Amino acid sequence: MAEPTPIRIFDTTLRDGEQSPGATLNYQEKLEIARNLVALGVDVIEAGFPITSDGDFKAVRAIAAETEGAVVAGLARCVARDIDRVGEALKGTPGHRIHVFCATSKVHREKKLHKPIDEIIRLSVDSIKRARTYVDDVEFSPEDGSRTELNVLVDITAAAVEAGATTINIPDTVGYAVPAEYGEIFRHVREAIPELDRRDIYLSAHCHNDLGLAVANSLAAVEQGCRQIECTINGIGERAGNAALEEVVLALRTRRDYYTRFATQIHAARIYPLSRMVSNFTGLQVQRNKAIVGENAFAHEAGIHQDGVLKERSTYEIIDPAEVGVPSSKLVLGKHSGRHALRDRIVTLGYHVDEITLGRVYEAFKTLSDKKKSVYDEDIEALVESQIDASSSTNLWRLVSLQVTSGTNAIPTATVVLADTTGTQVTDASTGDGPVDAIYSAVQRITGVAVELLDYQLRAVTHGKDAQGEVSVEVRHKDLRVRGRGISTDVIEASAHAYVNAINRIRQVATRDRAAGGEGEEPRA
Ligand SMILES: [Zn+2]
């Protein structure tokens, strides 16, 4: 039998995924996710959109510099300064990719770009050629490709290949396509342009999940000659999100009897730890019934199912949880666990910490294990993440202490002490409708950052009454929506940490050039 065709997995968690409302990642978090994507075995990492912010530029540059074994891509509109910025980020690190895009559908041409197709083709060709002066690997995406007339799509694809594009991505930008139709687009383009196969040009799928069809559409494309799938961990992304990496990979893998012709090189056992990391860093919780990585994905509730699985797993379970890295038993650390055991656990969970950070995590671990008998993986993740966050250079404020009085007959009052980067401490006090409200208004008085609280969620990190509480908040500052997280055995303190964390993130995002924004923005000539 012939060798299966390798399907490239192009992960865009750090670019499209980060465009999820409120899901900002700091520099350290991006690097940590990128390292885990390499270990997962993805072929391409789209690390950012350098023109949009300094943070994205630095992240793309750092990830490209340290990544071996995966191609790192940076996104650019068909605008010279966008392309130059990616070129600059990738300078001195050969083998990486510039990904340029330009909208091609009728509605985008007429209502957004106000340009005829000839001009769009010319702009795209010039941009691809410009990108090729920096790198040999150029991907071109006709944005809203699935809603572009087929003849237009063929014309622009042929021109892009002629100009030097090595991958052509046909995105279903608005999640409108259905599987057979999307597959047919690939079949048609491939048949109309024999040059694609002759030059070994990769066709790529990029699907959004507005109708819940992103994974199905991606798989339909693969059956028609598409050899790269763009996806994200946990399916995060603009609006309803992108195709979920774990679902695409497990569909091809679990149904290899059907998809005999295709294979990915993903190490599936690394999926679950990375899913947890992305969820924790972005603050976007995975829905319980999410395929592959949801809390209930391998839970059997009905007695008849439980009975069946105990007799023979395959009766009701098509994937062994261990295959995707779901731990079979919870390893517990405690007061008497040493630094070594802690380090082992941190490495198993996928984190890379240096000695200094390890020292700080160990101190925090000892404090926690004094308060709490059993320390679970989730607790350790929370400790490591708060240290990674604390070491981020973008943090302006740190919670030093707080005191709250409240009760059935008292006006809730909070006194808060914050320190800035220079270590200068500022104290203020405020009353509020409740203890959390009092803390939040004291924090606003100190930082001078006015925000509106959009969402407040509290959950226990693990089980048991000594579990740590995790507070996740979403706040709005002008037109920015940002999430913050805080963890503590004291939920009031966790609430304060989450709020301070959100305010620090506002500062980080506020420096971005929002005008350059998302995929749907109009190119500025
Ligand atoms: Zn997208």
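Since this is a predicted model, take the numbers as computed values, not measurements.

## Remarks on the overall build of the protein chain
- Helices and strands together make up the secondary structure of the protein chain, namely 17 helices and 16 strands.
- Radius of gyration (C-alpha) of the protein chain: 24 Å, near the 24 Å computed for a compact globule of 525 residues.
- Taking the principal axes of the C-alpha coordinates as reference, the protein chain spans close to 75 × 60 × 40 Å.
- Buried positions account for 55% of the 525 residues belonging to the protein chain.
- Long-range pairs, those at least 24 residues apart, make up 67% of the contacts in the protein chain with a sequence separation of at least 6.

## Looking at the packing of helix H1 (residues 27-40) against helix H11 (residues 271-282)
- Orientation of H1 relative to H11, taken along the N-to-C sense of each, is 165°, at an axis distance of 10 Å. Taken together, the axis directions place H1 and H11 in an arrangement best described as roughly antiparallel. Here H1 and H11 pass one another in a crossing that is left-handed. Of the residues in H11, those in contact with Glu29, Glu32, Ile33, Asn36, Leu37 and Leu40 of H1 are Ile271, Leu274, Met277, Val278 and Phe281.
- Classifying every residue of the contact of H1 with H11 gives eight nonpolar, one polar and two charged.

## Observations concerning the side chain of histidine 477
- When you line up the elements, histidine 477 lands in strand S15 (residues 469-477).
- Relative accessible area serves as the criterion here: at 15%, histidine 477 is assigned to the buried category.
- There is a polar contact of 2.9 Å between the side chain of histidine 477 and the backbone oxygen of alanine 450.
- Sequence-distant contacts of histidine 477, defined by excluding residues within four places in its chain, comprise Val449, Ala450, Val451 and Ile506.

## What about the confidence of the model for the protein chain?
- Scored by pLDDT, the protein chain comes out at a mean of 91, with 95% of its residues at no less than 70.
- Across residues 513-525, where pLDDT falls below 50, the model places 38 contacts with residues more than four positions away in sequence or in other chains.

## A few points about the sheet that holds strand S13 (residues 425-431)
- Spatially, the three strands line up as an open sheet ordered S11-S12-S13, and their pairing is antiparallel. Here the strands that pair on one side only, and so sit at the sheet edges, are strand S11 (398-407) and S13. Taken pair by pair, the neighbouring strands of this sheet meet at an average axis angle of 10°, ignoring direction.
- Judged from the eight bridges that link them, S11 and strand S12 (residues 410-419) form a sheet pairing that is antiparallel.

## So, the pairing of strand S7 (residues 167-172)
- Among the six residues of S7, six are classified as buried, and the element is accordingly described as predominantly covered.
- Here S7 shows no split at all, with Thr167, Asn169 and Pro171 on one side and Ile168, Ile170 and Asp172 on the other all buried.
- Across two bridges, the pairing between strand S6 (residues 137-143) and S7 is parallel. Bridge pairing in S7 places phenylalanine 140 opposite isoleucine 168.
- The β-α-β motif built from S6, the intervening helix H6 (residues 150-163) and the parallel element S7 has right-handed crossover chirality.
- The sheet contact formed by S7 and strand S8 (residues 202-207) spans six bridges and is parallel. Looking across to S8, one finds that threonine 167 is bridged to tyrosine 202.

## Remarks on the pairing of strand S9 (residues 228-231)
- Burial of the side chains of S9 extends over both faces: Gln228 and Glu230 are buried on one face and Ile229 and Cys231 on the other.
- Here strand S2 (residues 8-11) pairs with S9 via four bridges, running parallel. By the bridge assignment for S9, arginine 8 is matched with glutamine 228.
- When S8 meets S9, the two strands line up parallel, connected through three bridges. Within S9, the position partnered with histidine 206 by the bridge is glutamate 230.
- Note on the crossover from S8 through helix H9 (residues 214-222) to S9: the handedness is right-handed.

## Quick notes on the nonpolar core
- In terms of nonpolar packing, the biggest core is built from 107 residues, with Ile33, Leu40, Phe140 and Ile168 touching the most fellow members.
- Top element by residues in this core is H6. It accounts for seven residues.
- Ignoring anything within four residues of it in the chain, the contact list for phenylalanine 140 reads Cys78, Val100, Cys102, Ser124, Ile128, Ile156, Ala160, Ala165, Thr167, Ile168 and Asn169.
- Within the second largest apolar cluster, 27 residues are counted, among which are Tyr440, Leu480, Ala494 and Tyr499.

## Re the environment of isoleucine 388
- Mapping isoleucine 388 onto the fold places it in helix H15 (residues 377-390).
- Taking the C-alpha atoms as reference points, isoleucine 388 and tyrosine 351, 37 residues apart in sequence, are found 9.8 Å from one another.
- Non-local contacts of isoleucine 388, meaning those with residues more than four positions away in its chain, are made with Gln28, Glu29, Glu32, Phe281 and Tyr351.

## Things to note about the sheet that holds strand S16 (residues 480-488)
- With respect to topology, three strands assemble into an open sheet ordered S14-S15-S16, the strand pairing being antiparallel. In this open sheet, the two edge strands, each paired with only one partner strand, are strand S14 (452-460) and S16. Between one strand axis and the next, the sheet turns through 15° on average, direction left out of account.
- Pairing between S15 and S16: nine bridges, direction antiparallel. Each residue of the ladder has a partner; that of valine 473, found in S16, is glycine 484.

## Concerning the packing of aromatic side chains
- As enumerated under the stated definition, the model contains six aromatic pairs in all.
- For the pair phenylalanine 49 and phenylalanine 101, a centre-to-centre distance of 6.2 Å together with 70° between the ring planes defines the contact as edge-to-face. With phenylalanine 49 in the loop between strand S3 (44-48) and helix H2 (54-66) and phenylalanine 101 in strand S5 (residues 97-103), the pair connects residues that are 52 residues apart, well separated along the chain.
- Consider the rings of tyrosine 182 and phenylalanine 186, whose centres lie 5.0 Å apart with planes at 75°: the pair is edge-to-face.

## Here we look at unusual backbone geometry
- Not every positive phi belongs to a glycine, and aspartate 200 is a case in point at roughly 55°.
- Positive phi, close to 65°, is recorded for asparagine 234, a residue that is not glycine.
- Within the secondary structure, asparagine 234 sits in the loop between S9 and helix H10 (245-254).

Cut-offs applied
Residues numbered from 1 in each chain as written. Predicted model: local features only at pLDDT ≥ 70, side-chain atom pairs only at ≥ 80, totals over all residues. Heavy atoms only, no water. Helix = DSSP H or I, 4+ residues; strand = E, 2+ residues; numbered from the N terminus. Rg over C-alpha atoms; globule rule 2.2 N^0.38 Å. Buried < 20%, exposed > 50% of the residue type's maximum accessible area, 1.4 Å probe, protein only. Contact = heavy atoms within 4.5 Å. Axes fitted to C-alpha atoms, helices over the stretch in contact; angles between N-to-C directions. Parallel < 35°, antiparallel > 145°, perpendicular 65-115°, else oblique. Left-handed = near helix turned anticlockwise from the far one by under 90°. Nonpolar A, V, L, I, M, F, W, Y, C, P; charged D, E, K, R; others polar. Polar contact = N/O pair within 3.5 Å; in protein donor to acceptor, adjacent residues only side chain to side chain. pLDDT = per-residue confidence, 0-100. Pairing = 2+ DSSP bridges. Right-handed = clockwise from strand over helix to strand, strands pointing away. Core = buried A, V, L, I, M, F, W, Y, C linked by side-chain atoms within 4.5 Å. Phe/Tyr/Trp six-rings, centres within 6.5 Å; stacked < 30°, edge-to-face > 60°.

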